[in-house]
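The residues making up each chain are set out below.
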Amino acid sequence: MLKQFIDAHVHLNTLSDAKMKLALERNVSFLSINTDIPFFQNLDEQEATVHALQKKYPDRILQITSFDTQYWNTDKWLPHALQQIKDGISRGAVGVKIWKNIGMDESVKDLDGNFVMLDDERFDPIYQYLIDNDILLIGHQGEPKNCWLPLNEMTVDSDRDYFSGHPEYHMYLHPEFPSYEKQMEARDNVLKKFPKLKYVGLHLFSMEWSIDEVAKRLDLYPNTKTDLAERICHVELQAKENWEKVRAFFIKYQDRIIYGTDVIDDGSMNDEELVARFESLWQHHYDFFATNKTLSAPEFKGSFKGLELPEEVVYKIFVQNAVDTYGFNINKSTN
């Protein structure tokens, strides 16, 4: 394992010390991403939690801010959202997140009852503000493509298990919601309209099922990067089928891929479980990218070989790309 690395996609929503003591032991830094999720704390509380952790553990955490839709369809919405962004950045956030509720939440519709998508013109002032002020946008749009497939056609067991237990979120059962293709099209429309927007397409641009599709976006939109959070198993499945192709993808786009786990620290795991979760993911992911070990994953059956990427590529994915994108301050000599 690297002597120092960055987990650049987590949600640190409790003051628990366990994960921070682990971070100190393993020389890990975190990017905590505040998100307008109904079952999270509100955005102000998420920010306050991270600020408290930053004060106690300096130089270990950076934070992403966000905005909500509580005044949607009123004149208050845009000034409110812009003020949330300005406040978050002024208090140290290194970027802004836009979440999948845009396009997938029934509370975010227009006055005619239509779902509002990411390319709705009402968001344009926000995109332009971010460009004008050189502020990074990170986006989670849509869900894994499996969400729109029947259970028996899903590619990984983790999705199959989750959506069988949560049919309310299984879009295959809800054709009245915008399709997967519409979600991706709306995101791409924004990137076409605002080519100067600095953007990280989280979760492999929500195109985890095909590294070819991810590569197309990286080629089409040169100001974009992507992260791996909670989608590495989909890459492993593709490596099982075509190891050479997957390895070539990471070498070609080595400067634009950022490591993250998407671990949610919300109190649902006790300290021991949370530490074990981080440690197991970090080690498994390192083994996949850095070694040629024969591995298996709980999300699907069968084995696959680690990619054994060159050391400099591994370093970029686990460290340097997060430094360049989010502004982490790390000492390269420790690696």
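All of these numbers come straight from a predicted model, not from anything done at the bench.

So, about the packing of helix α9 (residues 211-220) against helix α11 (residues 243-252). Where α9 meets α11, the closest approach of the two axes is 11 Å, and the angle between their N-to-C directions is 20°. Comparing their axes, α11 and α9 come out roughly parallel. In terms of crossing hand, the pair formed by α9 and α11 is left-handed. In contact with Ile 211, Asp 212, Val 214, Ala 215 and Asp 219 of α9, α11 contributes Lys 245, Val 246, Phe 249 and Lys 252. Classifying every residue of the contact of α9 with α11 by side-chain character gives 5 nonpolar, no polar and 4 charged.

This part is about the nonpolar core. Phe 30, Phe 250, Phe 318 and Tyr 326 are the most contacted members of the largest nonpolar core, which totals 111 residues. Beyond its immediate chain neighbours, meaning those up to four positions away, Phe 318 contacts Met 1, Leu 2, Phe 5, Ile 6, Tyr 259, His 285, Tyr 286 and Phe 289.

Volume-wise, the largest pocket comes out at about 1100 Å³. Phe 39, Lys 100, Glu 143, Tyr 162 and Ile 264 are the residues nearest the centre of the largest pocket, which is lined by 36 residues in total. Among the secondary structure elements, those contributing two or more residues to the lining of the largest pocket are α4 (101-104), α6 (157-165), α10 (232-241) and β9 (263-265). A total of 4 residues in the lining of the largest pocket trace back to one element, the largest contributor, which is α6. Taken as a whole, the second largest pocket spans an internal volume of roughly 260 Å³. If you trace the second largest pocket, you find 16 residues lining it, with Arg 277, Leu 281, His 284, His 285 and Glu 299 closest to the centre.

Examined bridge by bridge, strand β10 (residues 294-297) and strand β11 (residues 300-305) share 4 bridges and lie antiparallel to one another. Bridge pairing links Ser 296 to Ser 303 in β11. Connecting β10 to the antiparallel partner β11 that follows it, the hairpin turn spans 2 residues.

Turning our attention to helix α7 (residues 180-193). Here α7 is 14 residues long and its end C-alpha atoms lie 20 Å apart, about the 20 Å a rise of 1.5 Å per residue gives. For α7, every residue scored as buried is listed here: Tyr 180, Gln 183, Met 184, Ala 186, Arg 187, Asp 188, Val 190 and Leu 191. In this structure, the buried side of α7 is in contact with α4, α5 (124-132), β6 (199-201), α8 (202-205), α9 and β7 (224-227).

Following the criterion strictly, the structure yields 26 aromatic pairs and no others. Pairing Tyr 259 with Phe 318 gives two aromatic rings, centres 4.5 Å apart and planes at 25°, and the pair type is stacked. Of this pair, Tyr 259 sits in the loop between β8 (257-258) and β9 while Phe 318 sits in helix α13 (residues 311-326), placing them 59 residues apart in sequence. For the pair Tyr 259 and Phe 318, a shared accessibility class is recorded, and that class is buried. Both rings, one in Tyr 286 and one in Phe 318, keep their centres 6.3 Å apart while their planes meet at 70°; by these two values the pair is edge-to-face.

About the thresholds
- Along each chain, residues carry numbers from 1 onward, in the same order as the chain's sequence is written.
- In keeping with the predicted nature of the model, local features appear solely for residues at pLDDT of at least 70, side-chain atom pairs appear and are counted solely at 80 or more, and the whole-chain, interface and lining totals rest on all residues.
- Note: side-chain values were computed over all heavy atoms of the structure, leaving out hydrogens and water.
- Only C-alpha atoms enter the line fits that serve as axes; for helices the fit covers just the stretch in contact. Angles between N-to-C directions range over 0 to 180 degrees.
- Secondary structure follows DSSP: runs of H or I at least 4 residues long count as helices, runs of E at least 2 residues long count as strands, and numbering of each begins at the N terminus.
- Angles are sorted into four bins: roughly parallel if under 35 degrees, roughly antiparallel if over 145, roughly perpendicular if 65 to 115, and oblique for all others.
- The sense of a crossing depends on the near helix, which, turned anticlockwise from the far helix by less than a right angle, makes the crossing left-handed and, turned clockwise, makes it right-handed.
- For this analysis, residues touch if any pair of their heavy atoms sits within 4.5 Å.
- Each residue gets one label: Ala, Val, Leu, Ile, Met, Phe, Trp, Tyr, Cys and Pro are nonpolar, Asp, Glu, Lys and Arg are charged, and the others, such as Gly, are polar.
- What we call a nonpolar core is a set of buried Ala, Val, Leu, Ile, Met, Phe, Trp, Tyr and Cys residues that are connected through their side-chain atoms within 4.5 Å.
- Accessibility here uses a 1.4 Å probe with only protein chains present; expressed as a share of the type maximum, an area under 20% marks a residue as buried, one over 50% as exposed, and anything in between as partly exposed.
- Here a cavity is any set of points on a 1 Å grid over the protein atoms alone where a 1.4 Å probe fits but cannot get out, and a pocket is any open set with protein on both sides within 12 Å along at least 5 of 7 lines; a residue lines the site when it has an atom within 4 Å of a point.
- Grid points are joined across faces, edges and corners, and a volume is the space filled by probe spheres set on the points.
- In this scheme, strands are said to pair when DSSP sees at least two bridges between them.
- To estimate the expected span of a helix, count its residues, drop one, and scale the result by 1.5 Å.
- Within 6.5 Å between ring centres, the rings of Phe, Tyr and Trp (the latter by its six-membered ring) count as paired, and their orientation is classed by plane angle as stacked under 30 degrees, edge-to-face over 60, tilted in between.

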